[in-house]
Amino acid sequence: MFFFKRRAPMRHSVWHESMQLSQWLGFSATELPDLPELRTPPLLDATRAFDVCHVGLVLRAVLGVQLLLALGAALVARDLFQWFTLTANGTVVTMFAVLSWLLIVCAAKKLWPRLPEPLQWLVLMSLGSACALMGFGLLSFTWIEPATAWRVGSVAAAGASGAGLLLAWLKLREHTQRPADALAQLVELQSRIRPHFLFNTLNSAIALVQVDPARAESVLEDLAELFRVALADASASVTLEEEIDLARRYLAIEQIRFGKRLRIVWHLDPEANAARVPPLLLQPLVENAVRHGVEPNDDGGELEVRTRRHGAEVEICIVNTVGAPSRTAGHGLALRNVRQRLKLMHDVAAQFDIEQTEDRFTLRILVPL
């Protein structure tokens, strides 16, 4: 109540300016432009089930098949030597079959969702059978016994069954990731659209309208871009260059509020710009750095953003000074959210490390290029 009494003399002026701004943007004060729907395109969502191009997923598939092979050989082997012989011979077939199947599924991952569900199972199980037979063909070059029709049929049936098990696992994996993905998007939206940040930004824009209209327009454009990205589809990936541009917009808004207290240093490697990352990766991290490393300190603080390419990987570092404790205790939601979305997108190929010293907080991310 005290806030509204203190600001009452400006109420008509602010309303009048907002009406003028609304007319200039092309819509009335009671209308809002259409916002993108928060949904995942069905084709893109289905494609994720067949995205087997990750090292971690390939390792799990190969180890799972090898475990089944070892258990099956143990059931029919008379002794340890025969078990070892059967497992070694079977490995030639299974390794070739599994890796070939995964490679073909990965290469045509955009094709499979276009097929009806029954046809997906038929084609991919037939592909598993063909890959197993090709692996058995390689083994036949060193096999003394002739390949009988029964053995060939058994290998084909085993390949089809193995492909069916892998396909069922991939579909189950994709279904279990949907709630986590939806929760990550919800947490991200809640953490991005902070009322205090919106309030401070609008107040800064209002204060600049009279003294520097061009800068006020720039602040509102940056704010609009942040909200556009926050409300966009969270399932797609973006380039690191786009994320850096969004982080620059956010920090430009905060620079107006903090002035010289916020000191920003950029060390960017152009060769790292093409790396694919989840949307809204950097913005919550630099916001955390400002909120906990700059805002509580009377002298402000320094924020450093570094990117660098190391061969087939890209390193992203965000470093901020640490002084007085933050006025608002953090819960680590933004960090957990970023870590979860990196794992969903890059699996074991991504790394997320935190290092804290007496005067520095460093966050390091590694993603494949």
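> An account of the packing of helix α10 (residues 240-258) against helix α11 (residues 282-293) is requested, with residue identities and associated values reported.
At a minimum axis distance of 8 Å, the contact between α10 and α11 shows a crossing angle of 30 degrees. When the interaxial angle is binned, α10 and α11 end up roughly parallel. Handedness of the α10/α11 crossing: right-handed. Counting all contacts with α10, which are made through Leu240, Glu243, Ile244, Ala247, Tyr250, Leu251, Glu254 and Phe258, the residues of α11 involved are Leu282, Gln283, Val286, Glu287 and Val290. Split by residue class, the contact of α10 with α11 holds 9 nonpolar, 1 polar and 3 charged.

> Any chance you could break down α11 for me, citing the residues and the numbers?
Given 3.6 residues to a turn, an α-helix orients residues that are three or four positions apart in the same direction. Given a rise of 1.5 Å per residue, 12 residues ought to cover 16 Å, and the 16 Å separating the end C-alpha atoms of α11 matches this to within 8%. The element α11 is extensively covered by neighbouring structure, given that 10 of its 12 residues are classed as buried. Taken together, the buried positions of α11 are Leu282, Gln283, Pro284, Leu285, Val286, Glu287, Asn288, Ala289, Val290 and Gly293.

> Explain the confidence of the model for the chain residue by residue, including any values.
Across the chain, pLDDT averages 76, with 75% of residues at or above 70. Across residues 1-45, confidence stays below pLDDT 50; counting only partners more than four residues off in sequence or on other chains, it has 33 contacts.

> A description of the pattern of salt bridges should follow, citing residues and the corresponding values.
Scanning the model with the defined rule gives 6 salt bridges in all. When the shortest N-O distance is used, the salt bridge between Arg249 and Asp245 registers 3.5 Å. Of this pair, Arg249 and Asp245 are both found in helix α10, 4 residues apart, which corresponds to roughly one turn of the helix. According to the relative accessible area criterion, Arg249 is partly exposed, its value standing at 25%. Between Arg306 and Glu304 there is a salt bridge; the shortest N-O distance is 3.3 Å. A relative accessible area of 31% means that Arg306 is categorised as partly exposed. Accessibility expressed as a relative area gives 14% for Glu304, which makes it buried.

The rules we used
- Residues numbered from 1 in each chain as written.
- Predicted model: local features only at pLDDT ≥ 70, side-chain atom pairs only at ≥ 80, totals over all residues.
- Heavy atoms only, no water.
- Axes fitted to C-alpha atoms, helices over the stretch in contact; angles between N-to-C directions.
- Helix = DSSP H or I, 4+ residues; strand = E, 2+ residues; numbered from the N terminus.
- Parallel < 35°, antiparallel > 145°, perpendicular 65-115°, else oblique.
- Left-handed = near helix turned anticlockwise from the far one by under 90°.
- Contact = heavy atoms within 4.5 Å.
- Nonpolar A, V, L, I, M, F, W, Y, C, P; charged D, E, K, R; others polar.
- Expected span 1.5 Å × (residues − 1).
- Buried < 20%, exposed > 50% of the residue type's maximum accessible area, 1.4 Å probe, protein only.
- pLDDT = per-residue confidence, 0-100.
- Salt bridge = Lys/Arg side-chain N within 4 Å of Asp/Glu carboxyl O.

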